[in-house]
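# Report on the structure
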Amino acid sequence: DQQVKQNSPSLSVQEGRISILNCDYTNSMFDYFLWYKKYPAEGPTFLISISSIKDKNEDGRFTVFLNKSAKHLSLHIVPSQPGDSAVYFCAASYLRGTSYDKVIFGPGTSLSVIP
Amino acid sequence: ETGVTQSPTHLIKTRGQQVTLRCSSQSGHNTVSWYQQALGQGPQFIFQYYREEENGRGNFPPRFSGLQFPNYSSELNVNALELDDSALYLCASSYGTASYEQYFGPGTRLTVT
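Residues numbered from 1 in each chain as written. Chains lettered and ligands numbered in written order. Predicted model: local features only at pLDDT ≥ 70, side-chain atom pairs only at ≥ 80, totals over all residues. Heavy atoms only, no water.

## Quick notes on the pairing of strand E13 (residues 109–114) of chain A
Residues and elements named next belong to chain A. The alternating pattern of E13 places Thr109, Leu111 and Val113 on a buried face and Ser110, Ser112 and Ile114 on a face that is not buried. Across 5 bridges, strand E2 (residues 10–14) lies against E13 in parallel orientation. When the sheet's bridge partners are listed, Gln14 is paired in E13 with Ile114. Here strand E9 (residues 86–93) runs beside E13; their pairing, made up of 3 bridges, is antiparallel. Its bridge partner being in E13, Tyr88 is matched across the sheet by Thr109. (Buried < 20%, exposed > 50% of the residue type's maximum accessible area, 1.4 Å probe, protein only. Helix = DSSP H or I, 4+ residues; strand = E, 2+ residues; numbered from the N terminus. Pairing = 2+ DSSP bridges.)

Next comes the structure, spelled out in structure tokens:
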């Protein structure tokens, strides 16, 4: 039962163009969403997050959009740079009592930015 | 400020053996979570330790166990290894149980033959 889905295993984008990574979730209890980036031989690093009370969060070149009714979120990278080439994980969690429950990760999308 | 470190980097074990993986948390962090990442999948939550007590567990059998020490370093122990235990094991540390603000180590690659 995969609660967080990333249906595109890989994506190639030209340098300078927009990269759009998509993520779908099934558990309506999720109220906090995160994107992590992972380079080979390194652990995932936190990139950007969004709470369910918002529909957009922006941090520099990175913007995350949340559509709660569709249970869908997307990460936009503009402009894409070769250093953005990595695996991107979508993840979700929800508030249980006074703390957040475990983070559920999607399977990841491998982004290649071509110079 | 030192980051999260894990040891060893790589490990090869035989089915049925036992293994211990180690994690040193980022300075000031009192919570550690362990994840298993199989090939082609995202990290799957194994368990979390907060102030030396288990604070949540994923769908992993009891042969996966852990410890957190007073200095907040941590161990993951796996008994009776199976071939499907071959994976990258990641630990992540954070301050408090708001596990989304977590910092990952580089992982230990375990191969079970």
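## Some details on a nonpolar patch on the surface
All names here are of chain A. Taken together, the side chains of Ile18, Ile20 and Val78 make up a nonpolar region of the molecular surface, amounting to roughly 230 Å² of accessible area. When you line up the elements, Val78 lands in the loop between strand E8 (72–77) and E9. Classification of Val78 as partly exposed rests on a relative accessible area of 41%. (Patch = residues over 30% accessible without salt bridge, like charges linked within 9 Å, V, L, I, M, F, W, Y side chains within 5 Å. Areas by Shrake-Rupley, 256 points an atom, 1.4 Å probe, with all protein chains shown as cover. Salt bridge = Lys/Arg side-chain N within 4 Å of Asp/Glu carboxyl O.)

## Quick word on the nonpolar core
Ranked by internal contacts, the top residues of the largest apolar core, which has 25 residues, are Phe30(A), Phe33(A), Trp35(A), Leu73(A), Leu75(A) and Tyr88(A). For this core, the elements supplying multiple residues, two or more each, are strand E3 (19–25), strand E4 (32–38), strand E5 (45–51), strand E7 (62–67), E8, E9 and E13 of chain A. Counting residues in hydrophobic clusters, the runner-up holds 19 residues, among them Val4(B), Leu76(B), Tyr89(B) and Leu110(B). (Core = buried A, V, L, I, M, F, W, Y, C linked by side-chain atoms within 4.5 Å.)

## What to know about the sheet that holds strand E1 (residues 5–7) of chain B
All names here are of chain B. Taken in spatial order, the 4 strands of this open sheet run E1-E3-E8-E7, and their pairing is antiparallel. Each edge of the open sheet carries a strand with a single partner, namely E1 and strand E7 (64–68). Pairwise comparison of adjacent strand axes, ignoring direction, gives a mean angle of 20° for this sheet. For E1 and strand E3 (residues 19–24), the ladder comprises 3 bridges, and the chain directions are antiparallel. Its bridge partner being in E3, Thr5 is matched across the sheet by Ser24. (Axes fitted to C-alpha atoms, helices over the stretch in contact; angles between N-to-C directions.)

Fair warning: the whole summary comes from geometry, so function is off the table for now.
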